[in-house]
Amino acid sequence: MPVQLLKIIKGKSEIPLPSHLQKEDLKNLQEGFDHTNKYFQGLVILSYPLTKLRDGTDFFKVVLQDLDDLCSQINSINILIYGKMAEDCAKVIHHGDTFVVAGFKLAKSPTAREDGRHSCHLEVSEEAGSAIYSITPKYVYTPLNCLKDGTIVNLYGVVKFFKPPYVSKGTDYCSVVTLVDPSNVKLTCTLFNGNLDCLPKIYKVGDIIRFHRIKIREYNGQMQGITSVGFASLTFDGTVGAPIVPRTSSKVYTFTDEEQKTIEELRVWAASNLSISGPAVKLSGVQPTLFFDLTCQLVGKAKVDGSSFLLKVWDGTKCPYPTWKVPVEARDLEGEKILLHQLRNLTVDILVYDNHVQLAKSLKIGSFLRIYSIHPKQASADNEDVSQIEFHLHGGTCYGRGIGVLPESNPDVKELKAFLESVDLADSQNMESMSSVELDGTFNSVTDLESHLRRCQQLSVTVLTDHQDLNNTELKTILNSTAPQQYRIRAKLRTYKPQKLYQSIKLHCSKCNSLQEVPDGDDFDFILQGSAVTAPNPELHNTSWYDSVMWTTQDQKQRKIAIHFVKHDEMLQQPEDTLLMIEGGTLKEVWKLTKRFKCVIPVRSTEDNLELLDLSAPFLLQGNIKYYGCKQCSTPKPIKSLSSVAAEQRPSWEPTEIAQVLGIELLQYVFIMKFTLVDGTGALNAYLFDYEKFFHIPASEILTSNFLQQKMQMTMNTLCPPGRKLDDLPWLECFIKSYNVRDEMKHQVYYQIFDTTVAEDVV
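How each quantity is defined
- Residues numbered from 1 in each chain as written.
- Predicted model: local features only at pLDDT ≥ 70, side-chain atom pairs only at ≥ 80, totals over all residues.
- Heavy atoms only, no water.
- Helix = DSSP H or I, 4+ residues; strand = E, 2+ residues; numbered from the N terminus.
- Buried < 20%, exposed > 50% of the residue type's maximum accessible area, 1.4 Å probe, protein only.
- Contact = heavy atoms within 4.5 Å.
- Areas by Shrake-Rupley, 256 points an atom, 1.4 Å probe, with all protein chains shown as cover.
- Disulfide = S-S within 2.5 Å.
- Arc of directions from axis to C-beta.
- Core = buried A, V, L, I, M, F, W, Y, C linked by side-chain atoms within 4.5 Å.
- Expected span 1.5 Å × (residues − 1).
- Salt bridge = Lys/Arg side-chain N within 4 Å of Asp/Glu carboxyl O.
- Pairing = 2+ DSSP bridges.
- Phe/Tyr/Trp six-rings, centres within 6.5 Å; stacked < 30°, edge-to-face > 60°.
- Lys NZ or Arg CZ within 6 Å of the ring centre and 35° of its normal.

Draft legend 1. The overall build of the protein chain, seen in detail. Within the protein chain, the regular secondary structure consists of 15 helices and 40 strands. Counting over 763 residues, the protein chain shows a buried share of 49%. Residue pairs at least 24 apart in sequence account for 64% of intrachain contacts in the protein chain once pairs closer than 6 positions are excluded. Carbon and sulfur atoms form 49% of the exposed surface of the protein chain, whose accessible area is close to 37,800 Å².

Draft legend 2. Up close: the state of the cysteines. Scanning the model with the defined rule gives zero disulfides in all. With no disulfide of its own, C633 lies 3.6 Å from the sulfur of C512, the closest cysteine sulfur.

Draft legend 3. Up close: the environment of T190. Within the secondary structure, T190 is located in strand 15 (residues 186-193). Overall, T190 belongs to the partly exposed group, its relative accessible area being 25%. With 35 residues separating them along the chain, T190 and G225 place their C-alpha atoms 6.3 Å apart. Discounting residues that sit within four places of it in the chain, T190 has contacts with C174, S175, V176, G225, I226 and T227.

Draft legend 4. Seen up close, helix 10 (residues 521-531). Where helix 10 is concerned, the buried positions are F524, I527, L528 and S531. All buried residues of helix 10 lie within an arc of 100° about the axis, which places them on one face of the element. The exposed residues of helix 10 that point more than 90 degrees off its buried face are D522 and F526.

Draft legend 5. Spatial organisation of the nonpolar core. Formed by 67 residues in total, the largest nonpolar core has its most connected members in M581, I601, I639, L642, I658 and F675. Counting 40 residues, the second-largest nonpolar core is a separate cluster that includes L155, L333, L340 and Y353.

Draft legend 6. Expanded view of helix 15 (residues 706-719). The end-to-end C-alpha separation of helix 15 is 20 Å, in line with the 20 Å expected for 14 residues at 1.5 Å each. Along helix 15, the residues classified as buried are L708, M712, T715, M716 and L719. Summarising the axial view, the buried residues of helix 15 lie within an arc of 95°, below the 170-degree limit, and thus occupy one face. Away from its buried face, by an angle of more than 90 degrees, helix 15 presents the exposed residues N706, F707, Q710 and M714.

Draft legend 7. Representation of the pattern of salt bridges. According to the stated counting rule, one finds 20 salt bridges in the structure shown. Salt-bridge contacts for R331 lead to E329; the nearest nitrogen and oxygen are separated by 4.0 Å. Here the residues in one salt-bridge network are K215, R217 and E657, joined through shared partners.

Draft legend 8. Local environment of the pairing of strand 9 (residues 98-102). Of all five residues in strand 9, five are buried, a share of seventy percent or more. Relative to strand 9, strand 5 (residues 38-47) runs antiparallel, the two being bridged by five bridges. When the sheet's bridge partners are listed, Y39 is paired in strand 9 with A102. Note: strand 9 against strand 12 (residues 131-135), five bridges, orientation antiparallel. Within the sheet, the bridge partner assigned to T98 lies in strand 12 and is I135.

Draft legend 9. Looking closely at the packing of aromatic side chains. This model, assessed by the stated rule, comprises 15 aromatic pairs. With centroids separated by 5.2 Å and ring planes inclined at 65°, the aromatic side chains of F671 and F695 adopt a geometry described as edge-to-face. Here F671, found in strand 36 (residues 668-678), pairs with F695, found in the loop between strand 37 (683-690) and helix 14 (699-702); they are 24 residues apart in sequence, far enough to count as distant. Note on accessibility: F671 and F695 belong to one class, buried. Among the aromatic residues, those joined into a ring-pair cluster are F671, F675, F694 and F695. Of note, K492 hangs over the ring of W731, and the distance from its end group to the ring centre comes to 4.8 Å. The lysine or arginine in question, K737, covers the ring of F754, its NZ or CZ lying 5.3 Å from the ring centre.

If you want it as structure tokens, here you go:
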């Protein structure tokens, strides 16, 4: 049988390979040598859809990675399979399988320079007497220092940093984790999934993670991990001596004795090489202004306003400082009333903001939580001489801010439950009332309630997204200080430029840091007209990865228009999932296509390839957004480079991915504005450089949306109301940083706003 499935039992193949076959290393696969009785073995890292050649022969292509030489610059080779063997292989081959090829023909690879793989490829078919063995995987794990761009790998790592899952801009949940291993290389992974349970269940730094089929991408010189089709994870407690029990929502997974040894070795390594913080702080050990993680039980919750939510929690210990009780109506507070009353001297109120609100609303009373990076803020109580502690979980995910739900099987939860059951509630109810500033129940007036809500967050029309522990600095002091520095300020916006807000949108290259104006539609139309002079090349139509349609217009010019529809698994996709390329189209025709299809790329024909137009034109259109590339930093590749993305099981056709594959340095839309800020001690000009966080509006969308332009104008009218006296202007709370700009003639200090956003009730 030309294609055989073999199982690994106790490290050996269930059926041995024929004795006359000898293994050949990748580096020894060269033209002019005899490979008759040789076989090559590798890991399947990429497979293309089964297709048919023009003569009707089945064709299947896979890419194998050399298992014995992962760190070499070239460690993979293309395998071309023909005939019935191609059909059989397509049914049984999966990413991560070990693949053995024998009886192959070695030939020069025409794509080696483009794909960076071996200079030769292997051709196999049943007619040539070839044989293929697919070995049920004994998973191979890649050290972090051997990762390569574009590969899909399995790996182990120790958690050095993580952000608990949070809702992304779309419908998926997102989790970020940075891993390290004994190679002393770190890898940051950004993981997305619509199902929260499918993301890694990480509870603390030092946990150990196993990833299967994670995709590696290089970005700004650093390797990064992202989810791919078939991605799976297991998480283990990293404590030396703890039971080795995987955390996963999957009911089917492999875990061998050898991997158990890997876990134990990583635990020992992490214990002596990784700075792992001790157990989370108890409420009894809280220190004002020192951020901390808390393991606790939820006993009450309530909505406070549009951007904040209350969680009442306890851990069985008592905060040594008076604590602030968030003002909410008794009828709005969820939880068992009798228990809340019994625990009134032991619970603390944690106010959570912005992106954490949605998760907080979904939490079940009685669940056990680990809340990361809580800010214990010291503040004076209204009409009181004594100060009190307020607990805040600020918006954003910096420093791992977030909320994690712990299962009752978690060792920390078991310990906490045992402790909570031992607490004598009668003793807590007899404690001095001075230990907690009681403000529970209903309020005497609406004004009283509103004054407390303003103290929660809405002290200004802007909100700080980080560094809340910094104190305010007067503008006079900042102007007299040397740069670079970072400051927190409280000021008013006296004026801003440009007054015509659409003029604030620029294009920014993060690589060379250049800024340029957004080209207008006339420039694009002129480039399209110029490219239409060259007729489409029929030799480039209907390839293995796209279908083509061409026609001639009925007007006097008789333009030839060609549209190339990218296929997936040999089939055209639904329009909303389809990327297409157009030659000879007008601006009106291109925009019409963007309304129906996911992505449109304007192209032109050469003798051998389809290629992008001049980079003065957008290289991609998606919806109403035109995406441009930096002329200085881009090295455009032929359009056929997109075939690798089309071969993925679920092509996303995201602009960043398309740009990377085509060798384009993507220009990002950005707001550039100058704010003149005053606070009574001085005035300074601070620049706003923002993609979307400050206004809660993507800069890429505002030029094509009258609604968003009106929304931005209304926001600026709130920050700087026209016709108002200075005393009547609202306060802005901002972070600014100073920096030096020097040339041969002069030295200047500039200021830039950062980590600041407009308050939710303003937008």
